[in-house]
Amino acid sequence: MISNLNRRNALKQAAAVASLVWSSSTSAHADTFDPGIGDATDALLALSDRKISATELVEHAFARIGKFNEKINAFVTLLEEAAMARAKQADAASSKGEKWGPLHGLPILVKDLYETAGIKTTCGATEMSAYIPTTNATAVERLLKAGAIIIGKTNVPKFGADFQSFNSVAGTTNNPWNLERTSGGSTGGGAAALAAGIGFLELGSDMGGSIRTPSHFCGVYGLKPTVGIVPSNGHIPPLPGQVDFLPDLAVCGPLARSARDLKLELEIVAEPTNTDSKAYSYQLPKPRHDRLGDYKIGFVLDDPFCSVSTESKTVLADAIAKLQDAGCQLTEGWPKGVDPSESFGIYSQLLAAKMSSSSTDAERKALANLPQDHIDFSFAKNWESGLSFSHRDWLAHDSKRIAQRNLWKKYFQEFDLFLMPTACVTAFPHDHNPNQLDRVLKTSVGDKPYSDMLAWVHFSSLSGNPAVVAPVGQASDDLPVGLQIMGPYLEDATPIHFAELMGPVTGMFKAPPGFDL
């Protein structure tokens with residue numbers, strides 16, 4: 001049996017090794033690259049070193065799709081013919097010493113809420129099942145210009161409005177860790193595919209955990225970036241032809257099998273649009289520290305406002321203990337002035353107002369169709385209130401949102417990061433009750449309202465701060481648990497870097513049983 005002292009020494013050694021990773025990505029192991037469960041950084045090195053060709057990498061991706069996709073149903077549209085043609089073009093360019101960009105020849109996935117020129121974009125809605133855009137979303141275009149190869153559009157709930165990915169167009173996406181469980185929403189198809197070793201990067205989006213919840217449920221990495229740094233042009237909603245929203249609660253961002261891959265994709269898609277670039281440019285600020293032990297961190301693992309299941313909390317507590325043994329400076333407790341229930345109330349009303357802003361009267365009425373015996377009346381009341389917000393109401397609550405952002409801004413002047421759960425549960429069984437607010441989460445700490453899926457992700461969405469979800473182990477139900485790492489406004493590299501450094505200490509991506517072949 002290893003003593004606590006030896007355990008601490010081992011963890012500190014792991015932390016010391018991890019501190020070298022950020023500055024030396026060229027040390028990735030191209031020679032031992034596994035095209036099934038390897039990450040994008042290693043794949044690109046293998047491509048660059050001619051250990052594998054783009055054609056072989058795409059062939060391998062579709063071989064895995066043929067082997068596994070029937071089980072998980074992660075895709076709405078597959079693009080084998082087009083992807084193979086582009087891969088051959090990439091290899092031809094490579095043979096001439098040409099390079100399209102930093103993702104040259106890399107197979108990637110795109111969430112089916114993004115417009116893709118000449119490729120069906122259904123948004124999980126029957127009324128859009130035949131929609132074929134003529135242009136690419138801005139983020140999609142940037143990935144293509146960087147040399148990426150899109151192999152498929154991944155499944156979503158209808159218009160991205162659920163914590164599960166199912167619809168009448170493409171059906172239900174299953175979690176690779178347990179096919180009876182959801183992969184999450186709304187980037188559920190992408191998270192399931194990545195966990196199954198299909199593709200290397202996913203372009204997702206997040207307003208209420210739509211990147212973070214699937215990452216937590218499927219055991220992959222996800223980044224909800226700082227609000228506004230990744231253009232959302234060409235993302236649906238809003239519907240084609242509708243005026244786009246200014247940056248608010250929703251963001252576009254990456255999912256991957258490693259933390260460093262989040263940075264890789266972010267630096268490609270996070271730039272101002274062509275119009276805005278006349279006046280300013282974007283540069284990702286460096287991480288605050290180089291070593292794991294230099295980070296000053298706050299954390300909360302549970303709170304009565306949304307109690308966390310016992311099995312999830314056990315895994316998170318073990319991760320915190322390992323970080324402490326590795327030398328991290330940890331302080332438990334909420335930032336001064338942050339009341340989680342009050343914050344959640346503000347967010348719930350703003351979310352309802354945003355979701356109803358382009359809805360018809362009939363659609364708003366449907367959104368307000370709350371069950372009389374709703375398990376969480378406080379959320380229901382906030383939701384109903386937000387659906388009918390006047391502009392004056394919105395401005396009043398927007399000022400409250402800015403006040404919350406300022407509380408976190410002050411906190412991050414002293415602390416570098418804040419750690420917390422991603423959700424109160426691990427991946428739950430499929431539940432397709434048409435009234436979402438009538439669904440109930442069965443947990444080890446009692447029945448919980450479906451709306452509690454928003455509780456732990458709302459802090460970052462409300463404040464606009466970045467947040468990374470990193471896998472830290474499996475609960476007693478053998479399902480993944482992701483730790484949510486919230487960072488300072490505009491300093492997205494800090495939570496990404498920390499997630500990378502802590503991997504050797506707390507655990508990294510692990511392929512689900514049966515998908516590690």
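This one's a predicted model, so the numbers in the text were calculated from it and none came from an experiment. (Residues numbered from 1 in each chain as written. Predicted model: local features only at pLDDT ≥ 70, side-chain atom pairs only at ≥ 80, totals over all residues. Heavy atoms only, no water.)

J.: How do you make sense of the side chain of R257 when you look at a structure like this?
T.: Position of R257 relative to the elements: it lies in the loop between β10 (251-256) and α8 (259-269). Of the side chains with opposite charge, D261 lies nearest to the buried R257, which makes no salt bridge, at 6.7 Å. Among the polar contacts made by the side chain of R257, one reaches the main-chain carbonyl oxygen of G38 at a distance of 2.9 Å. For R257, the side chain forms a polar contact with the main-chain oxygen of L194, separated by 2.9 Å. When near neighbours in sequence (up to four residues on either side) are disregarded, R257 contacts G36, I37, G38, L194, G197, I198, G199, F200, Y221 and F509. (Helix = DSSP H or I, 4+ residues; strand = E, 2+ residues; numbered from the N terminus. Buried < 20%, exposed > 50% of the residue type's maximum accessible area, 1.4 Å probe, protein only. Lys, Arg positive; Asp, Glu negative; His and termini not counted. Salt bridge = Lys/Arg side-chain N within 4 Å of Asp/Glu carboxyl O. Polar contact = N/O pair within 3.5 Å; in protein donor to acceptor, adjacent residues only side chain to side chain. Contact = heavy atoms within 4.5 Å.)

J.: Can you walk me through the side chain of S215 in this structure?
T.: With respect to the helices and strands, S215 occurs in helix α7 (residues 212-218). The exposure class assigned to S215 is buried, which follows from its relative accessible area of 1%. With residues near it in sequence (within four places) discarded, S215 still touches A191, V220, Y221, G222, L255 and V469.

J.: What should I look at first to understand the nonpolar core in this one?
T.: When a protein is soluble and globular, its nonpolar side chains tend to lie buried together. In this structure, L419, I485 and F498 are the most contacted members of the largest nonpolar core, which totals 98 residues. The dominant element in this core, judged by the number of residues it contributes, is helix α3 (residues 54-72), at 8 residues. Aside from chain neighbours lying at most four places away, what touches L419 is I297, G298, F299, V300, I320, L323, L330, L483, Q484, I485 and F498. Formed by 43 residues, the second largest nonpolar core is a distinct cluster that contains C306, V338, W408 and Y411. (Core = buried A, V, L, I, M, F, W, Y, C linked by side-chain atoms within 4.5 Å.)

J.: Can you help me understand the packing of helix α2 (residues 40-48) against α8 in this one?
T.: To describe two helices that pack against each other, one gives the angle between their axes and the distance between the axes. For the pair α2 and α8, the least separation of the axes is 8 Å and the interaxial angle reads 70°. The pairing of α2 with α8 is recorded here as roughly perpendicular in orientation. Together, A40, T41, D42 and L44 of α2 and R260, D261 and L264 of α8 make up the contact between the two elements. Here the contact of α2 with α8 is composed, by residue class, of 3 nonpolar, 1 polar and 3 charged. (Axes fitted to C-alpha atoms, helices over the stretch in contact; angles between N-to-C directions. Parallel < 35°, antiparallel > 145°, perpendicular 65-115°, else oblique. Nonpolar A, V, L, I, M, F, W, Y, C, P; charged D, E, K, R; others polar.)

J.: How should I be thinking about helix α10 (residues 340-356) in this particular structure?
T.: Residues three or four positions apart in an α-helix share a direction because the helix packs 3.6 residues into each turn. For α10, with 17 residues, the first-to-last C-alpha span of 24 Å sits near the 24 Å given by 1.5 Å per residue. With respect to burial, α10 is a largely interior element, 14 of its 17 residues being buried. Capping the start of α10 is the job of one residue whose side-chain oxygen sits 3.0 Å from the backbone nitrogen of S341: D339. (Expected span 1.5 Å × (residues − 1).)

J.: Whenever I open this one, the pairing of strand β11 (residues 296-299) confuses me. Can you help?
T.: Where a strand is regular, its side chains alternate between the two sheet faces. Pairing analysis gives 4 bridges linking β11 to strand β12 (residues 329-332), with the strands arranged parallel. Considered in β12, the bridge of I297 is made with L330. Read as a crossover between parallel neighbours, the route from β11 over helix α9 (residues 310-325) to β12 is right-handed. The sheet contact formed by β11 and strand β13 (residues 417-421) spans 3 bridges and is parallel. Across the sheet, the residue bridging to I297 is L417, located in β13. (Pairing = 2+ DSSP bridges. Right-handed = clockwise from strand over helix to strand, strands pointing away.)

J.: I'm lost on the confidence of the model for the chain in this one. Help?
T.: Note that predicted coordinates carrying low pLDDT should not be read in detail. When pLDDT is averaged along the chain, the result is 92; 90% of the residues meet or exceed 70. This model gives residues 20-28 a pLDDT under 50, and the stretch forms 14 contacts once residues within four places in sequence are excluded. (pLDDT = per-residue confidence, 0-100.)

J.: Hey, could you run me through the packing of aromatic side chains in this one?
T.: Between two aromatic rings, the relevant description is the distance of the centres plus the angle of the planes. Going through the model one piece at a time under the given rule, you end up with 23 aromatic pairs. The interplanar angle of 75° and the centroid separation of 5.5 Å between the aromatic rings of Y411 and F412 together place this pair among those described as edge-to-face. An identical accessibility class is assigned to Y411 and F412; each is buried. Ring plane angle 75° and centroid distance 5.8 Å describe the contact between F428 and Y450, whose orientation is recorded as edge-to-face. Of the two residues, F428 is situated in the loop between β13 and β14 (440-443) and Y450 in the loop between β15 (446-449) and α14 (458-463); the sequence distance between them amounts to 22 residues. Stacked on the ring of F515, the Lys or Arg K71 has its end atom at 5.7 Å from the ring centre. The residue whose ring lies beneath K296 is F415, and the NZ or CZ to ring-centre distance is 5.0 Å. (Phe/Tyr/Trp six-rings, centres within 6.5 Å; stacked < 30°, edge-to-face > 60°. Lys NZ or Arg CZ within 6 Å of the ring centre and 35° of its normal.)

J.: Explain the sheet that holds strand β2 (residues 107-111) here, please?
T.: Sheet strands pair via backbone hydrogen bonds, and the direction of the pair is either parallel or antiparallel. Strand order in the open sheet made by the 11 strands is β1-β3-β2-β8-β10-β9-β16-β17-β13-β11-β12, with mixed pairing throughout. Both edges of this open sheet fall to β1 (75-78) and β12, since each of them pairs with a single strand only. This sheet shows a mean twist of 30° between the axes of neighbouring strands, independent of strand direction. Of the strands in this sheet, β11, β13 and β17 (480-486) touch helix α13 (residues 391-414), which is tilted by about 115° from β13.

J.: Whenever I open this one, α2 confuses me. Can you help?
T.: With 8 of its 9 residues buried, α2 lies for the most part within the structure. Of all the positions in α2, only A40, T41, D42, A43, L44, L45, A46 and L47 are classed as buried. For α2, the elements touching its buried residues are α3, β8 (201-206) and α8. Looking one or two residues beyond α2, the residue adopting positive phi is R50, at roughly 60°.

J.: Quick question: what am I supposed to make of the pairing of β8 here?
T.: Burial analysis of β8 places 6 of its 6 residues in the buried class, the great majority of the element. Residues L201, L203 and S205 point to one face of β8 and E202, G204 and D206 to the other, with burial holding for every one of them. In this structure, β2 lies alongside β8, joined through 2 bridges in parallel fashion. Bridging across to β8, L109 finds its partner in E202.

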